[in-house]
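# Report on the structure
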Amino acid sequence: AFKDSFLVRFLVTKPGEQEEIVDTKNYYGNATIERTTVVPNTEYPEILERMSREGHLIGNHTYSHIQLGKDNRTEFKEDLKKAGELITSVTGEEGLFVRPPFGKWDKELEQELNMFEVLWSVDPKDWNKSNASEIARAVLEKVKPGDIILLHDQFASSVEAAFLIVDQLTEQGYEFVAVDEILLD
């Protein structure tokens with residue numbers, strides 16, 4: 001089977017769509033979008049707690065979606081730490097993986113913060129599309145074994161596309177695995 005992984009960024013703005021994505025673990029069994037990175041939000045800690053309880057890999061995406069730049073390294077680091085503290089307070093575990101906003105990262109931070117960077121290899125730019133079929137097609141045309149697919153669950157079209165993508169790739173023989181299994185393999 002081909003190995004593939006989804007990286008679904010949770011903004012945790014409202015429970016509906018995130019829970020639909022979290023539910024894919026139950027819907028698809030082991031071939032699932034079961035590993036995710038999260039933008040913690042104190043408004044909905046129950047989603048984060050549920051993800052932890054159900055075996056999702058929780059990663060850090062900063063607290064306020066700050067983009068790392070030349071002049072804000074310290075602020076960026078503090079924002080990551082704040083998100084990490086929230087993750088630990090809710091789940092009891094430290095997030096070892098970071099999906100930096102906009103893909104901006106400094107390799108030195110890996111050692112300083114003991115975190116592994118998670119980037120994506122397929123970006124359908126779903127934030128710029130409202131048609132689930134179009135998003136799914138953009139992924140399916142590019143995806144290959146070992147890819148990490150980026151989707152943003154605050155858009156209903158992206159949530160719908162995630163199900164279409166998983167169905168199609170499962171039919172093609174893909175097996176969905178955790179991000180850590182791909183990165184640490």
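Residues numbered from 1 in each chain as written. Predicted model: local features only at pLDDT ≥ 70, side-chain atom pairs only at ≥ 80, totals over all residues. Heavy atoms only, no water.

## Quick notes on the overall build of the protein chain
Helix and strand content of the protein chain: 8 helices and 7 strands. A total of 185 residues make up the protein chain; the buried ones form 48% of that total. The contacts of the protein chain with a sequence gap of at least 6 include a subset with a gap of at least 24, amounting to 68%. On the protein chain, roughly 9,000 Å² of surface is accessible, and the fraction owed to carbon and sulfur atoms is 46%. (Helix = DSSP H or I, 4+ residues; strand = E, 2+ residues; numbered from the N terminus. Buried < 20%, exposed > 50% of the residue type's maximum accessible area, 1.4 Å probe, protein only. Contact = heavy atoms within 4.5 Å. Areas by Shrake-Rupley, 256 points an atom, 1.4 Å probe, with all protein chains shown as cover.)

## Details of helix 4 (residues 73-91)
The first and last C-alpha atoms of helix 4 sit 27 Å apart over 19 residues, in line with the 27 Å expected at 1.5 Å per residue. Against the buried residues of helix 4 lie helix 3 (45-53), strand 3 (58-60), strand 4 (97-98) and helix 5 (107-113). Just downstream of helix 4 lies Gly 92, where phi reads positive at about 80°. (Expected span 1.5 Å × (residues − 1).)

## With respect to the pattern of salt bridges
All told, the structure shown has 10 salt bridges when counted by the stated rule. For Arg 73, the salt bridge identified is with Asp 106, shortest N-O distance 2.8 Å. One end of the pair, Arg 73, is in helix 4; the other, Asp 106, is in the loop between strand 4 and helix 5, and 33 residues separate them in sequence. Given the relative accessible area of 24%, Arg 73 is considered partly exposed. Across the salt bridge formed by Lys 81 and Glu 78, the nearest N and O atoms sit 3.7 Å from each other. With Lys 81 and Glu 78 both in helix 4, this residue pair falls 3 residues apart, about one helical turn. Lys 81 gets classed as partly exposed once you look at its relative accessible area, which sits at 36%. (Salt bridge = Lys/Arg side-chain N within 4 Å of Asp/Glu carboxyl O.)

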